[in-house]
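Next come the chains, spelled out residue by residue.
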Amino acid sequence: VRYLEKFALKPHVEVYTNGTLLKGEWVRDLRSFDAKIIFSIDGGKKGNDLYRTFVAGPERSAFDEIMSRLEGLPKDGLATNTIIHPGNLDGLIEALEFFNRSGFGQIDIWLDYLHLWTPEEAKRLEKFVADFADYYVARTQKEGKIPFVVPMINHALHNGTELAAGRNWWKECFRLVLGADGNYYDCEGALLLPYERIAESNAVGAPRQDKGVDWAARQAYMDEADLYLERLGADKDWQDVCPRMYYKAMGLMGQDPKHMVENLHRVSRIFLMGLVKLASRLKREPDFAAAYLAQKHEIPG
């Protein structure tokens, strides 16, 4: 972050952490550079601790550890990010409200898109999204302002607007990831495996010694993935993650990409369309419109 200070046009910096090793001075130092710190907390204590555990001490509560380290810290510039799993749906809205009442002004929600959702689980997901919409709408109308920012609502509106115009947001989505080993990887390789396994696989963008990313190989993979995804109809459906990345990730994990992309379509449609319906109910609320509709977003039909 200090290195970035030398540039006239400074990039936006976000730091994701599970919070279990957090120190107050780290937060204060990063915030002095205006970096946003996002805490990955998957619901309340029961939901979070079901999915996020200490390897060396599974009996310890990761949730309790995070909360104790956050205690007393100003929440300005801090945010939370929650992955929605089948096992943490119960009590999840109450957990999100707890984060907000604790001072977090940005609370994002993402799907567990690596999980193969059963029809029963998909129905529970649909109910959760509808209940969350009722909760968010009720608080906004009662308080005269949105309770907290949900970046995924922006994504849902952008996705729907692009689909309505016959475009795909993910067609122009390019990213490099700096791995903890000091090498760069392209996002379509999906850092879901140990670095050495990705480097040994056919993952495009595995760094060549002192030469960085093989861009020609990366583009060849992108073209191949695009053709495959278009045959599946991915260019005409809802996505909450880049389907090229998803396609590659499933291959690395030994899953059938076709089967899993169909799963992605099904649950993404439930999730993102539910958020668009939420937006349609609040589009005339000034604070909601200022937060979500001022960036050339529309309410897709």
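For the structure, see preceding data.
Residues numbered from 1 in each chain as written. Predicted model: local features only at pLDDT ≥ 70, side-chain atom pairs only at ≥ 80, totals over all residues. Heavy atoms only, no water.

Colleague: Would you mind going over helix H6 (residues 151-164) with me for this structure?
Modeller: For an α-helix, 3.6 residues make a turn, and residues three or four places apart therefore share a direction. In a regular helix each residue adds 1.5 Å, so 14 residues correspond to 20 Å; H6 covers 20 Å between its end C-alpha atoms and thus fits that length. The buried fraction of H6 is high, at ten of 14 residues. Every buried residue of H6 is listed here: Met152, Ile153, Asn154, His155, Ala156, Leu157, Asn159, Gly160, Thr161 and Glu162. Looking at the packing, one finds that the buried side of H6 touches strand E4 (106-111), helix H5 (119-143), helix H10 (257-282) and helix H11 (286-292). Note on H6: the residue one or two positions beyond its end, glycine 166, has a positive phi of about 75°. (Helix = DSSP H or I, 4+ residues; strand = E, 2+ residues; numbered from the N terminus. Expected span 1.5 Å × (residues − 1). Buried < 20%, exposed > 50% of the residue type's maximum accessible area, 1.4 Å probe, protein only. Contact = heavy atoms within 4.5 Å.)

Colleague: Looking at this model, I keep getting lost on the sheet that holds strand E2 (residues 36-40). Mind explaining?
Modeller: Backbone-to-backbone hydrogen bonds pair the strands of a sheet. The strands run either parallel or antiparallel. Reading across the sheet, the four strands line up as E1-E2-E3-E4 and stay open at both edges, with parallel pairing between neighbours. Only two strands of the sheet have a single partner each, and these edge strands are strand E1 (14-17) and E4. Looking at each pair of strands side by side, their axes are set apart by 25° on average, direction ignored. Bridge analysis of strand E3 (residues 78-84) against E4 gives six bridges, and the strand direction is parallel. (Pairing = 2+ DSSP bridges. Axes fitted to C-alpha atoms, helices over the stretch in contact; angles between N-to-C directions.)

Colleague: Help me understand the pattern of salt bridges in this model?
Modeller: Side chains bearing opposite charge may pair, as long as their charged atoms lie close to each other. With the rule as written, the count across this model stands at 14 salt bridges. Where lysine 45 meets aspartate 64, a salt bridge forms, and the shortest distance between an N and an O atom there is 2.8 Å. Remark: aspartate 64 occurs in helix H3 (residues 62-70) and lysine 45 occurs in helix H2 (residues 45-51); sequence separation between them is 19 residues. For lysine 45, a relative accessible area of 42% gives the class partly exposed. The partner of arginine 139 in a salt bridge is glutamate 143, with the nearest N and O atoms 2.9 Å apart. Of the two residues, arginine 139 and glutamate 143 both sit in helix H5, four residues apart, roughly one turn of that helix. Salt bridges linked by common partners bring Arg31, Asp34 and Asp76 together as one network. (Salt bridge = Lys/Arg side-chain N within 4 Å of Asp/Glu carboxyl O.)

Colleague: What is the right way to look at the side chain of asparagine 100 in this model?
Modeller: The residue asparagine 100 is located in helix H4 (residues 92-101) in this model. By relative accessible area, which is 11% here, asparagine 100 ends up buried. Residues in contact with asparagine 100, not counting those within four places in the same chain, are Ile107, Arg139, Pro147 and Phe148.

Colleague: Explain the packing of aromatic side chains to me, please; I cannot follow it from the model alone.
Modeller: The relation between two aromatic rings is expressed through the spacing of the ring centres and the mutual angle of the planes. Going through the model one piece at a time under the given rule, you end up with nine aromatic pairs. Both rings, one in phenylalanine 39 and one in phenylalanine 104, keep their centres 6.3 Å apart while their planes meet at 65°; by these two values the pair is edge-to-face. Of this pair, phenylalanine 39 sits in strand E2 while phenylalanine 104 sits in the loop between H4 and E4, and the two are 65 residues apart along the sequence. On the basis of relative accessible area, phenylalanine 39 is assigned to the buried category, the value being 0%. By relative accessible area, which is 2% here, phenylalanine 104 ends up buried. Seen from their ring centres, tyrosine 136 and phenylalanine 148 are 5.5 Å apart, and the 80° between their planes marks the pair as edge-to-face. Of this pair, tyrosine 136 sits in helix H5 while phenylalanine 148 sits in the loop between H5 and H6; the two residues are twelve residues apart in sequence, bridging distant segments of the chain. Judged on exposure class, the residue tyrosine 136 and its partner phenylalanine 148 are both buried. (Phe/Tyr/Trp six-rings, centres within 6.5 Å; stacked < 30°, edge-to-face > 60°.)

Colleague: I would appreciate a short explanation of the packing of helix H9 (residues 243-252) against H10 in the present structure.
Modeller: How two helices pack is summed up by the angle between their axes together with the distance between the axes. It is the contact of H9 with H10, at a shortest axis distance of 9 Å, that shows an interaxial angle of 135°. Comparing the axis directions of H9 and H10 gives the class oblique. Judged by the sense of rotation from one axis to the other, the crossing of H9 with H10 is right-handed. Here Tyr246, Tyr247, Met250 and Gly251 of H9 come into contact with H10, specifically with Pro257, Met260, Val261, Asn263 and Leu264. A class-by-class count of the residues in the contact of H9 with H10 yields seven nonpolar, two polar and no charged. (Parallel < 35°, antiparallel > 145°, perpendicular 65-115°, else oblique. Left-handed = near helix turned anticlockwise from the far one by under 90°. Nonpolar A, V, L, I, M, F, W, Y, C, P; charged D, E, K, R; others polar.)

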